[in-house]
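Fold and contact review
Residues per chain, in single letters:
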Amino acid sequence: METKILQPTKDNIKLASKALKAGNLVGVPTETVYGLGANAFDSKAVASIFAAKNRPQDNPLIVHIHKNYDLSKLTSYINKTAHKLLKAFTPGPLTLVLKSNNSVSPLVSRGLDTIAIRIPSHKVAQQLLKECDLPIAAPSANISSRMSATTALSVKQELDTRLPYIIDGGASQVGIESTVVDATKDTPIILRPGIITSEQIKKVCGKVEEITKVKDNEKVASPGMKYKHYSPNCPVYIADKVAQQYRHLQSLNLQPVVLGLEKHIKNLSLDKISLGKTNKDYAKNLYQSLRIAEQNFTAIILYGLKDEKFGHSIMNRVNKIVEKL
Ligand code: TXA
Ligand code: MG
């Protein structure tokens, strides 16, 4: 099957909605990263997401809904904490883990009694979700273990022939995946940090916890956390004595490139790609720049950020990208 990139016209949104209703996969733009969507009620369609991505079978999916969708169709109970978070941060780059009422396909939550819900703010995502009026299960639109895709073209490069349509909603503005919060108890627990930070959640709820280290084989709150993830096709090293690292990689016959904020790389006369000026720029450009780097070089040296506030969430991804030199 040829994968077509569609512009987000009314007719094309209808076409994509029909495809979803017929059990096909559609690439959906969101403000965080692109999603690979399927009707969450349709087990065959949900199974095809796992096949298309080569996704581990124990990793549950996030279900996306439009902002007027009745949440009680999907959940059995929503506590005060969840209500506060919904009010403060949705539509937006937040995913809430809530008690499921088991109405979607059992393949979505992989045996957990919860369901992860996201109400994206991206205009085109909202239009498509409204048009089909279905809960859409959608992981990031990349092959498992690769970095997420933040443009329609990157989705096509990752998953070509595995889906009929990708809707082009432009480059994702946030650039890293949503903050995932377990809101089934009184205290919200951050399962995956994102642009909505623990400081912001604490302000709204008065308290917050964050799951940090996850050991292999441990039964984890968020199964996705245990996978090494987000890797380009070439090795990536965290920047530390860059000139030396660069020469060492060259001596191994590799062609390195340095990625980092402008302030870190501006004085380097080496091959380099700027990730912009701010932490927000860094997040927005990170995955796309890794893609450009892997297409043109054979090793990557990546400057990190201060591990605080949004920088903490970005470093969560960076730590899954880099290896030790
Ligand atoms: O920004 C995003 O969240 C993007 C866009 C497309 O919405 N989606 C995304 O999906 O990043 P994915 O599948 O790549 O990551 C989903 C994460 C995984 O770590 C998974 O384990 C966790 O959410 N998750 C899903 N359902 C869960 C549940 N019921 N309980 C705990 N964690 C869950
Ligand atoms: Mg993913």
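Shown above is the structure to which this text applies.
Now for a quick tour of the structure. (Residues numbered from 1 in each chain as written. Chains lettered and ligands numbered in written order. Predicted model: local features only at pLDDT ≥ 70, side-chain atom pairs only at ≥ 80, totals over all residues. Heavy atoms only, no water.)

Here the focus is the overall build of the chain. Secondary structure assignment for the chain yields 11 helices and 16 strands. By the compact-globule yardstick of 20 Å for 325 residues, the chain fits well, its C-alpha radius of gyration being 20 Å. Overall, the C-alpha framework of the chain stretches about 60 × 50 × 35 Å when taken along its three principal axes. Put simply, 68% of the contacts in the chain that link residues at least 6 apart link residues at least 24 apart. (Helix = DSSP H or I, 4+ residues; strand = E, 2+ residues; numbered from the N terminus. Rg over C-alpha atoms; globule rule 2.2 N^0.38 Å. Contact = heavy atoms within 4.5 Å.)

Contacts to ligand 1 come from 26 residues, most closely from Thr 32, Arg 55, Asn 59, His 64 and Ser 178. With respect to ligand 1, the side chain of Thr 114 contributes an N or O atom lying 3.0 Å from a nitrogen atom. The separation between an oxygen atom of ligand 1 and a polar side-chain atom of Ser 178 is 2.6 Å. Summarising the interface, the protein chains cover 98% of the accessible area of ligand 1, which totals 680 Å² for the free molecule. Elements with a contribution of two residues or more to the shell around ligand 1: strand 4 (62-64), strand 7 (114-118) and strand 11 (189-192). Of the residues forming the shell around ligand 1, the biggest block, 3 residues, is contributed by strand 7. Of the residues belonging to the shell around ligand 1, the class tally is 13 nonpolar, 9 polar and 4 charged. (Near = heavy atom within 4 Å. Polar contact = N/O pair within 3.5 Å; in protein donor to acceptor, adjacent residues only side chain to side chain. Areas by Shrake-Rupley, 256 points an atom, 1.4 Å probe, with all protein chains shown as cover. Nonpolar A, V, L, I, M, F, W, Y, C, P; charged D, E, K, R; others polar.)

For helix 11 (residues 310-321), spanning 12 residues, the distance from its first C-alpha to its last is 17 Å, which sits close to the expected 16 Å at 1.5 Å a residue. A large share of helix 11 lies buried, amounting to 9 of its 12 residues. Here helix 11 has its buried residues at Phe 310, Gly 311, Ser 313, Ile 314, Met 315, Arg 317, Val 318, Lys 320 and Ile 321. Those residues of helix 11 that are buried lie in contact with strand 11, strand 13 (236-238), helix 10 (279-296) and strand 16 (299-302). (Expected span 1.5 Å × (residues − 1). Buried < 20%, exposed > 50% of the residue type's maximum accessible area, 1.4 Å probe, protein only.)

Glancing now at the sheet that holds strand 13. If you walk across this open sheet you meet the 4 strands as 13-16-14-15, and the pairing is parallel. Among the strands making up the open sheet, the edge pair consists of strand 13 and strand 15 (272-274). Going across the sheet, the axis of each strand differs from the next one's by a mean of 25°, ignoring polarity. Where strand 14 (residues 256-260) lies against strand 15, 3 bridges are found, and the strand directions are parallel. Bridge assignment links Gly 260 to a residue of strand 15, and that residue is Ser 274. Its contacts with the sheet place helix 8 (residues 242-251) against strand 13, strand 14 and strand 16, and it is angled at close to 150° to strand 14. Each of strand 14, strand 15 and strand 16 is contacted by helix 10, which is oriented at about 160° to strand 16, the strand it contacts most. (Pairing = 2+ DSSP bridges. Axes fitted to C-alpha atoms, helices over the stretch in contact; angles between N-to-C directions.)

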